[in-house]
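Structural overview for review
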Amino acid sequence: MKTLSALLCCALLATSAPALHAQQGKSDYQVGERLPQPKAPAAMQSYKELTWEGLVPKNWDPSQMMKGLDLGKLSDNDPRAMEALEKMRKAWSEAPVEPSLNGARIRIAGFLVPLDAQRGQVKEFLLVPYFGACIHTPPPPANQIIHAVAVKPLKEVQVMSAVWVSGTLETARKTTEFGDSGYRLKADMLAPYQ
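Residues numbered from 1 in each chain as written. Predicted model: local features only at pLDDT ≥ 70, side-chain atom pairs only at ≥ 80, totals over all residues. Heavy atoms only, no water.

**Considering the packing of aromatic side chains**
Under the definition given, this model contains three aromatic pairs. Plain terms: the ring middles of Trp 164 and Tyr 193 are 5.8 Å apart, the flat faces sit at 25 degrees to each other, and that makes the pair stacked. You can see Trp 164 sitting in strand 5 (residues 162-176) and its partner Tyr 193 sitting in the segment after strand 6 (179-192), a full 29 residues away along the chain. For the residue pair Trp 164 and Tyr 193, the accessibility class agrees, reading buried in each case. We note Arg 105 situated over the ring of Tyr 47; from NZ or CZ to the ring centre the distance is 4.3 Å. Against the face of Trp 164 rests Arg 107, its NZ or CZ located 3.6 Å from the ring centre. (Phe/Tyr/Trp six-rings, centres within 6.5 Å; stacked < 30°, edge-to-face > 60°. Helix = DSSP H or I, 4+ residues; strand = E, 2+ residues; numbered from the N terminus. Buried < 20%, exposed > 50% of the residue type's maximum accessible area, 1.4 Å probe, protein only. Lys NZ or Arg CZ within 6 Å of the ring centre and 35° of its normal.)

Shown next, in the form of structure tokens:
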């Protein structure tokens, strides 16, 4: 498959692929791998446990824009492929958010992409649903990227660390060098994913 067509397919799979389960005790993740969502401990019950699928409005179906387009028959320099890629980028950037989540106190597991590492501390970061998102692969749609601001700066945080984040979610867009987010989270607590 050609490069551009592969990129389009990868981007579409990012929102529709089923969760891939990590093995217990595994420290390294594969690109595209998602975290299983175990039940929250009693101490965390004040936060609504949210899955990444819960961030996507039920009526949003980005695959409709590719209907009737056979990506396997397009070359990288085909104008239809370039047009499809632009449509996809625009749809991803403008992906709708779930308005009912505005102001919700949530807890969600994901992978951390630091935005402002200074002196070993991170205050702002993106939280993404699968390993490699925004770094090794095209960014997911805006409704699958959370721009988080930590109440207290985080220390010794690694790129793509698997974490649980708890806080108050807002529907607010932000453009970063790694992708566009549709949500903002005031991160009260952050813990390593286990």
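**Some words on helix 2 (residues 79-93)**
Under the 1.5 Å per step criterion, the end-to-end length of helix 2 is 21 Å for 15 residues, consistent within 8% with the ideal 21 Å. Regarding helix 2, the residues found buried are Ala 81, Ala 84, Leu 85, Met 88, Ala 91 and Trp 92. Here the buried residues of helix 2 occupy an arc of 130 degrees about the axis, which is enough to place them on one side. Among the residues of helix 2, the N-terminal cap falls to Asp 78, whose side-chain oxygen and the backbone nitrogen of Arg 80 are separated by 2.7 Å. (Expected span 1.5 Å × (residues − 1). Arc of directions from axis to C-beta. Polar contact = N/O pair within 3.5 Å; in protein donor to acceptor, adjacent residues only side chain to side chain.)

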